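# Structure assessment
Residues per chain, in single letters:
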Amino acid sequence: MSNYRWVICAMLFFATTVNYMDRQVLSLTWKDFIAPEFHWTDADYGTITSVFSILYAVFCLFAGKFIDWMGTKKGYLWAIFVWSLGACLHAACGWVTMQIEGIESVEALKAVEAGSMTALSIATVSVYLFLFCRSVLAMGESGNFPAAIKVTAEYFPKKDRAFATSIFNAGASIGALAAPVSIPPLAELFGWEMAFIIIGGLGFVWMALWVFIYDKPAKSSHVNEAELAYIHQDEEEEQGAKSQEQGAESEDEPAIGFLKCFTYRQTWSFIFGKFMTDGVWWFYLFWAPAYFSDQFGYKSSSGMGQLLIFTLYAIVTVVSIFGGYLPKLFVEKRGMNPYAGRMLAMLIFAFFPLFALFAQPLAMWEQSPIDPAWWPAIIIGLAGAGHQAWSANIFSTVGDMFPKSTIATVTGIGAMAGGLGSMIINKCSGNLFTYAEQQGSAFTFLGFEAKPAGYMIIFCICAVAYLIGWCIMKMLVPKYKQVK
């Protein structure tokens, strides 16, 4: 049997890695490189990340339908072209801001008096420019997961989909892992603008490879009959059962209408699962570098700052891979159906984010035998690993319950809900941190003061989100039921 499906999985991994690196450039450069030029506050950054999240959510609502209509090959090409273009456009924001404000150099931008009307004007103009670029980025990135999940359903049987998804979804962790050791040095050596251009250009490399590598399994010259039979084993079993009960049906089921998708409990289960949990991952992704800078003084461009972020995502990467393999064990060893195995695995991984409750207390541990910064790096890494393992399985529930013709549409709807949750947590976090910093010791929570108290509040929310999400999903779809 040929194994070309794993080549396709590698391409999905590469795309997801590029996706998250493009998303991560801003979070690793804003605090130490961009904010001093444009006089941004935490609230400004929170606005940018929250607007990106809501735009991503809106675009996801239609991206899945676009992928189902366009097909995975052309649809994926369009998605990565748009987000790579958007990533590169960020580099022009500084120059355009200077032209609008009539300022001749970066040094003059930095020299503007903090809190002055000129500084406020610079911050406002630059924020709007970044929002435009983030909107283009969001439009393209919204197509990644609907396309990747649809390709996974095309190339893998149900029992292997969570494992394949965990592999390509690990690209998010690898992207976040590679980002702190590549992006700050690029920004330090060539300027933050070149960091956006170089990382954004990786997407165009992927496009060149995808054109020649991807075809549907039945049309691919690299997939032999044995592998094709393995890929379609679920369809053959289901078709055999249908033939016995009601006669053979056509292989290609018609797509379910967009609005019709909202009438199914399975859709709402996916929506709530994504809404409750995606924002947690995006909070870690967008705010972890700023957290280590604020709390411990380790800038993202410093060796220690890079090592902390690298360690965090190394833990996420190593632990999360097993998350996709766990339901495969439940299916093959315990005889569970794929949905039941996935839900049991998700319940197990829903407990991992509870580690976040200890991040801030250990960060303030005065008698710690190691640098206190290592505790939140390790703990957030474990919580993030729980998310990625959860994510691999929740994506696969769509393929379990919906026909292939509708998988990208439902995935896009769920991604929209995840983006909405991310918008809420990122906007609230930015405003909370700015307010907590302004209030100083007057702002307290569970014994913490000022900005550390703000971080503790968000960590508590992140810790319980997954268990709440799992309970809602279980109530909506208590057992496996496929949508026809």
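Residues numbered from 1 in each chain as written. Predicted model: local features only at pLDDT ≥ 70, side-chain atom pairs only at ≥ 80, totals over all residues. Heavy atoms only, no water.

## Side note on the overall build of the chain
Helix and strand counts for the chain come out as 18 helices and 2 strands. The C-alpha atoms of the chain give a radius of gyration of 23 Å, which matches the 23 Å a tight globule of 484 residues would have. Seen along its three principal axes, the alpha-carbon backbone of the chain occupies a region of about 80 × 50 × 40 Å. Burial status across the chain gives 58% buried among its 484 residues. Pairs at least 24 apart in sequence give 83% of the contacts found in the chain among residues at least 6 apart. (Helix = DSSP H or I, 4+ residues; strand = E, 2+ residues; numbered from the N terminus. Rg over C-alpha atoms; globule rule 2.2 N^0.38 Å. Buried < 20%, exposed > 50% of the residue type's maximum accessible area, 1.4 Å probe, protein only. Contact = heavy atoms within 4.5 Å.)

## A short note on the layout of surface pockets
The space that makes up the second largest pocket amounts to roughly 260 Å³. In terms of lining residues, the second largest pocket is bounded by 14 residues, among which Met276, Gly421, Ile424, Ile425 and Ile461 are the most central. Within the residue set of the lining of the second largest pocket, elements represented by two or more residues are helix H12 (265-296), helix H17 (407-439) and helix H18 (450-476). Looking at the lining of the second largest pocket residue by residue, the class counts come to 10 nonpolar, 4 polar and no charged. (1 Å grid on protein atoms, 1.4 Å probe; cavity = no way out; pocket = protein on both sides within 12 Å on 5 of 7 lines; lining within 4 Å. Points joined across faces, edges and corners; volume = space filled by probe spheres on them. Nonpolar A, V, L, I, M, F, W, Y, C, P; charged D, E, K, R; others polar.)

## Observations regarding helix H14 (residues 338-350)
Spanning 13 residues, H14 covers 18 Å between terminal C-alpha atoms, matching the ideal 18 Å at 1.5 Å per step. Among all positions in H14, only Tyr339, Gly341, Arg342, Met343, Ala345, Met346, Phe349 and Ala350 are buried. (Expected span 1.5 Å × (residues − 1).)

## Considering the pattern of salt bridges
Taken as a whole, this structure holds 9 salt bridges when the rule is applied. Here Asp278 makes a salt bridge to Lys274, at a shortest N to O gap of 3.0 Å. Of this pair, Asp278 and Lys274 both sit in helix H12, 4 residues apart, roughly one helical turn. For Asp278, a relative accessible area of 8% corresponds to the buried category. Between Lys451 and Asp294 there is a salt bridge whose closest N-O contact spans 3.2 Å. Residue Lys451 is found in helix H18, and its partner Asp294 is found in helix H12; the two are separated by 157 residues along the sequence. Overlapping salt bridges, with partners in common, bring together Lys31, Asp42, Asp294, Glu437 and Lys451 in one network. (Salt bridge = Lys/Arg side-chain N within 4 Å of Asp/Glu carboxyl O.)

## Digging into the packing of helix H1 (residues 4-38) against helix H6 (residues 117-141)
Running from N to C, H1 and H6 cross one another at 175°; their axes reach a closest spacing of 12 Å. With respect to H6, the axis of H1 lies roughly antiparallel. Mapping the contact onto sequence places Asn19, Asp22, Arg23, Leu26, Ile34, Glu37 and Phe38 in H1 and Ala119, Ile122, Ala123, Ser126, Phe130, Arg134, Leu137 and Glu141 in H6. Across the contact of H1 with H6, the residue classes tally to 8 nonpolar, 2 polar and 5 charged. (Axes fitted to C-alpha atoms, helices over the stretch in contact; angles between N-to-C directions. Parallel < 35°, antiparallel > 145°, perpendicular 65-115°, else oblique.)

## Some remarks on the nonpolar core
Formed by 141 residues in total, the largest nonpolar core has its most connected members in Trp40, Phe130 and Phe283. A per-element tally of this core places H1 first, with 17 residues. If sequence neighbours within four positions are ignored, Phe283 has contacts with Ala288, Ile425, Asn426, Ser429, Phe433, Tyr455, Ile458, Phe459 and Cys462. Counting residues in hydrophobic clusters, the runner-up holds 5 residues, among them Leu326, Phe330, Phe349 and Ala389. (Core = buried A, V, L, I, M, F, W, Y, C linked by side-chain atoms within 4.5 Å.)

## Considering empty space enclosed by the protein
Enumeration over the complete set of coordinates arrives at 4 cavities of 30 Å³ or more. Together, 14 residues line the largest cavity, and Tyr20, Phe145, Lys274, Asp278 and Phe395 are the ones closest to its centre. Where the lining of the largest cavity is concerned, the elements lending two or more residues are H1, H12 and helix H16 (374-401). When grouped by side-chain class, the residues that make up the lining of the largest cavity number 7 nonpolar, 4 polar and 3 charged. For the lining of the second largest cavity, the secondary-structure elements that each account for two or more residues are helix H7 (144-155), helix H8 (158-190) and H16. Residue composition of the lining of the second largest cavity, grouped by class: 3 nonpolar, 4 polar and 1 charged.

## Side note on the packing of aromatic side chains
On inspection of all chains with the given rule, the structure shows 51 aromatic pairs. Relative to Trp206, the ring of Tyr76 lies with its centre 4.8 Å away and its plane at 55°, an arrangement referred to as tilted. With Tyr76 in helix H3 (residues 72-89) and Trp206 in helix H9 (residues 192-213), this pair connects stretches of sequence that are 130 residues apart. By the burial criterion, Tyr76 is buried, and Trp206 matches it. Pairwise contacts between aromatic rings join Trp30, Tyr45, Phe283, Tyr284, Trp287, Tyr291, Phe292, Phe296, Phe433, Tyr455 and Phe459 into one cluster. Here the guanidinium or amino end of Arg134 rests over the ring plane of Phe52, the centre of that ring lying 4.9 Å away. (Phe/Tyr/Trp six-rings, centres within 6.5 Å; stacked < 30°, edge-to-face > 60°. Lys NZ or Arg CZ within 6 Å of the ring centre and 35° of its normal.)

## Considering the packing of H16 against H18
Between H16 and H18, the least distance of the axes is 12 Å, while the angle of their chain directions is 25°. One element, H16, and the other, H18, form an angle in the roughly parallel class. Every pair of crossing elements has a handedness; the one defined by H16 and H18 is left-handed. Residues Ile380, His387, Trp390 and Ile394 of H16 pack against Phe459, Tyr466, Gly469, Trp470 and Met473 of H18. (Left-handed = near helix turned anticlockwise from the far one by under 90°.)

## Quick look at the environment of Glu366
Relative to the assigned elements, Glu366 resides in the loop between helix H15 (359-363) and H16. Judged by its relative accessible area of 72%, Glu366 is exposed. Placed 305 residues apart in sequence, Glu366 and Leu61 show a C-alpha to C-alpha distance of 47 Å.

## Looking at the side chain of Asn144
Take Asn144: it is sitting in helix H7. For Asn144, the contacting residues outside a window of four places in its chain are Ala15, Thr16, Asn19, Tyr76 and Trp83.

## Considering a nonpolar patch on the surface
Residues Phe66, Trp69, Trp78, Phe81, Leu85, Leu89, Phe132 and Phe204 make up a contiguous nonpolar surface patch of roughly 820 Å² in combined accessible area. Taken together, the elements giving at least two residues each to the nonpolar patch come down to helix H2 (42-70) and H3. Tallying contributions element by element places H3 first for the nonpolar patch, with 4 residues. Residue position: Phe132 is located in helix H6. Phe132 sits in the exposed class, given a relative accessible area of 52%. (Patch = residues over 30% accessible without salt bridge, like charges linked within 9 Å, V, L, I, M, F, W, Y side chains within 5 Å. Areas by Shrake-Rupley, 256 points an atom, 1.4 Å probe, with all protein chains shown as cover.)

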